[in-house]
Structures are given as C-alpha cells and as structure tokens.
Amino acid sequence: MNIKQITILGSVALAAIIGTMLFSSFTSSKSAVTEYKTITTIESLIPMGLGRSRMLISDKDGTTEKDMQNFFSGVGINFKNIGTNSELINQTLNYYAEEGWELESTSTGVQGSNENAQGLFITRYFLVKEAD
C-alpha cells in the first residue's frame, strides 16, 4: 500500500467511527427517571397515652397516615406498643420492597423537653425506584 491508500483508508475508518458515535448518541435510550417515597414515623413519649404516634407515607400522589402506638401507657413504657410499631414498620418496608422500592437511607431525630419528660422519636425512611 502506498501513502495515498493508507490516507484514504484512515479517513474512511475515521468517518465510520464518527458516524457510529453520532448515530448511537441519537438512538440511545432516555435515562431512567427516579421516583422517591418517604416514610416518616413519629412515636410519642407523652405519658398516659395522650400523645399521637403516626406513620406518614409521602410520594408524588400525596401523603397517607397510619396510626401507631404511643411508647408510654398510664403505667410507664409499654414494650408491647413498641413491638407493635416495629411490626408495622417492617410490614410497610417489606410491602414496598416487594413493589420494587429500595431503602436508600434513614434519618432519625428526637425532640424532647427535660422539664416534663415529653417528646417524640422521628425516623424517616427514604425509598427510591425507577419510575414506571
């Protein structure tokens, strides 16, 4: 091969590579859209059952509420209530896992008062999945 043939072959190869790159950029699929869901649990430490414990499930369609048990009853800490809340949280997370949601992260917080031993435990569960 002479230099002229090598130059022509190189130009053709370069044109083929550039054409392939341009074609693939036009035909590549649109990137996936991520959807988020937040489950917030608010568990009350207010004695005598006066607190309001809830689970809030928020997504693009709005927020729904589920009742949860308070940590304290009239005689003190109620471990049965804590167990019931844990079961509800597990059932909810398992349900969404079966629906294709993945637990991305959690965030916890406590709000309380030293003066009257009242407060709240708040946990947020952040779920993600590819949008349908």
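**So, the overall build of the chain**
Phase 1: Secondary structure summary: the chain contains two helices and seven strands in total.
Phase 2: Traced from its N-terminal end to its C-terminal end, the chain shows the element sequence α-β-β-β-β-β-α-β-β.
Phase 3: Going through the 132 residues of the chain one by one, you find that 24% of them count as buried.
Phase 4: Partitioning the intrachain contacts of the chain with sequence separation of at least 6 by distance along the chain shows that 51% fall at a separation of at least 24.
Phase 5: With an accessible surface of roughly 9,500 Å², the chain has 56% of that area assigned to carbon and sulfur atoms.

**Notes on the confidence of the model for the chain**
For any part of a model where pLDDT is low, the fine detail of the predicted coordinates should not be relied upon.
Phase 1: Per-residue pLDDT for the chain averages 80, and the proportion of residues at 70 or more is 69%.
Phase 2: Ranking the elements of the chain by mean pLDDT puts helix H1 (residues 3-27) last, at 56, and helix H2 (residues 79-98) first, at 95.

**Some remarks on the environment of Glu 35**
Phase 1: With respect to the helices, strands and loops of the structure, Glu 35 is situated in strand E1 (residues 34-44).
Phase 2: Classification of Glu 35 by relative accessible area gives buried; the value is 14%.
Phase 3: As for Glu 35 and Val 128, which are separated by 93 residues in sequence, their C-alpha atoms are 5.7 Å apart.
Phase 4: Here Glu 35 is in contact with Lys 60, Trp 101, Leu 127, Val 128, Lys 129 and Ala 131, once residues within four sequence places are set aside.

**Quick look at the packing of aromatic side chains**
Phase 1: By the definition in use, this model includes two aromatic pairs.
Phase 2: Ring centres of Phe 71 and Phe 121 lie 5.5 Å apart, and the angle between their planes is 45 degrees; on these two criteria the pair is classed as tilted. Here Phe 71, found in the loop between strand E3 (62-68) and strand E4 (72-73), pairs with Phe 121, found in strand E7 (residues 118-130); they are 50 residues apart in sequence, far enough to count as distant.
Phase 3: Seen in terms of ring centroids, Tyr 95 and Tyr 96 are 5.0 Å apart; in terms of plane orientation they differ by 75 degrees. Their pairing is edge-to-face.
Phase 4: Take Tyr 95: its relative accessible area is 44%, and that puts it in the partly exposed class.
Phase 5: By relative accessible area, Tyr 96 is classed as buried at 14%.

**Points about the nonpolar core**
Phase 1: Membership of the largest hydrophobic core is limited to ten residues, which are Ile 39, Met 55, Ile 57, Met 68, Leu 88, Ile 89, Tyr 96, Trp 101, Tyr 125 and Leu 127.
Phase 2: Residue assignment for this core shows that the elements contributing at least two residues are strand E2 (53-59), H2 and E7.
Phase 3: Among the elements that make up this core, the one with the highest residue count is H2 (three residues).
Phase 4: When neighbours within four sequence positions are excluded, Trp 101 is seen to be in contact with Glu 35, Tyr 36, Lys 37, Tyr 96, Leu 127, Val 128 and Lys 129.

Calculation criteria
- Residues numbered from 1 in each chain as written.
- Predicted model: local features only at pLDDT ≥ 70, side-chain atom pairs only at ≥ 80, totals over all residues.
- Heavy atoms only, no water.
- Helix = DSSP H or I, 4+ residues; strand = E, 2+ residues; numbered from the N terminus.
- Buried < 20%, exposed > 50% of the residue type's maximum accessible area, 1.4 Å probe, protein only.
- Contact = heavy atoms within 4.5 Å.
- Areas by Shrake-Rupley, 256 points an atom, 1.4 Å probe, with all protein chains shown as cover.
- pLDDT = per-residue confidence, 0-100.
- Phe/Tyr/Trp six-rings, centres within 6.5 Å; stacked < 30°, edge-to-face > 60°.
- Core = buried A, V, L, I, M, F, W, Y, C linked by side-chain atoms within 4.5 Å.

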